[in-house]
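Observations on the three-dimensional arrangement
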Amino acid sequence: MVNVGDFLKTNGIKPSYQRIKIYEFLMNNKEHPTVETIYNALNGQIPTLSKTTVYNTLKIFIDKGIAMAITIDEIEVRFDAHMDMHGHFKCEQCNTIYDFNVNFEGALSDELNDFEITEQQMFFYGICKKCKNHS
Ligand SMILES: [Zn+2]
Ligand SMILES: [Zn+2]
């Protein structure tokens, strides 16, 4: 991965220390953190950080197309910096959100031919392998 500061700049985002830290956290934590999770993880390193800053920073990342909000969770929005097309599976027991590869092209039918698609998300719910083997 290139320097995060340069990466943000390339995407039209002023690379402040907080933004770099938040983006790094998102890249390194594949479990799709919430605003709360990000705030709690970085609060110790960045005493001036507020939840509003985390929220606003994520909003900028989403606007610039380097992160996405996933609404698989009814209670809270989770965030992802993994921008390749992929589906999400939420385990209803451990609340883990797993990534899986999916061919979105093949999933589209002709009915959407003249539509402009701005976002594609695929959600699956169930019980993950780990939890299934424990019960
Ligand atoms: Zn599970
Ligand atoms: Zn994901």
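Please read all numbers here as calculations on a predicted model, not as lab measurements.

**Brief notes about the domain arrangement of the protein chain**
Where interface size is quoted, it is often the accessible area lost as the parts come together. Here the protein chain is partitioned into domain 1 (4–79) and domain 2 (84–134). The distance between the C-alpha centroids of domain 1 and domain 2 comes to 22 Å. Listed as interface residues are six residues of domain 1 and, on the opposing side, six residues of domain 2. Looking at the side of domain 1 that touches domain 2, its residues break down into two nonpolar, one polar and three charged.

**Concerning helix α2 (residues 17–28)**
Along its twelve residues, α2 runs 16 Å from first to last C-alpha, staying within 8% of the 16 Å computed at 1.5 Å per residue. What α2 keeps buried is the set Arg-19, Ile-22, Tyr-23 and Leu-26. Along the axis of α2, the buried positions cluster into a sector of 95°, meaning they face one direction only. Residues Tyr-17 and Asn-28 are exposed on α2 and point more than 90 degrees away from its buried face. Against the buried residues of α2 lie α1 (4–10), α3 (35–42), α4 (51–63) and β2 (78–80).

**Brief notes about the confidence of the model for the protein chain**
Averaged over the protein chain, the pLDDT score is 92; the fraction of residues at 70 or greater is 99%. When mean pLDDT is compared element by element in the protein chain, α4 scores highest at 97, while helix α5 (residues 104–107) scores lowest at 72.

**Observations regarding the sheet that holds strand β3 (residues 86–91)**
Ordered by their spatial adjacency, three strands build an open sheet running β4-β3-β5, and the pairing between neighbours is mixed. Taken across any chain shown, the strands that pair with only one partner, and hence form the sheet edges, are β4 (97–101) and β5 (123–126). The sheet shows a mean angle of 25° between the axes of neighbouring strands, taken without regard to direction. For β3 and β5, the ladder comprises four bridges, and the chain directions are parallel. Opposite Lys-90, over in β5, you have Tyr-125 as the bridge partner.

Quick notes on the rules
Residues numbered from 1 in each chain as written. Chains lettered and ligands numbered in written order. Predicted model: local features only at pLDDT ≥ 70, side-chain atom pairs only at ≥ 80, totals over all residues. Domains from an automatic or database assignment. Contact = placed C-beta atoms within 7 Å. Nonpolar A, V, L, I, M, F, W, Y, C, P; charged D, E, K, R; others polar. Helix = DSSP H or I, 4+ residues; strand = E, 2+ residues; numbered from the N terminus. Expected span 1.5 Å × (residues − 1). Buried ≥ 20, exposed ≤ 12 C-beta atoms within 10 Å, placed from the backbone. Arc of directions from axis to C-beta. pLDDT = per-residue confidence, 0-100. Pairing = 2+ DSSP bridges. Axes fitted to C-alpha atoms, helices over the stretch in contact; angles between N-to-C directions.

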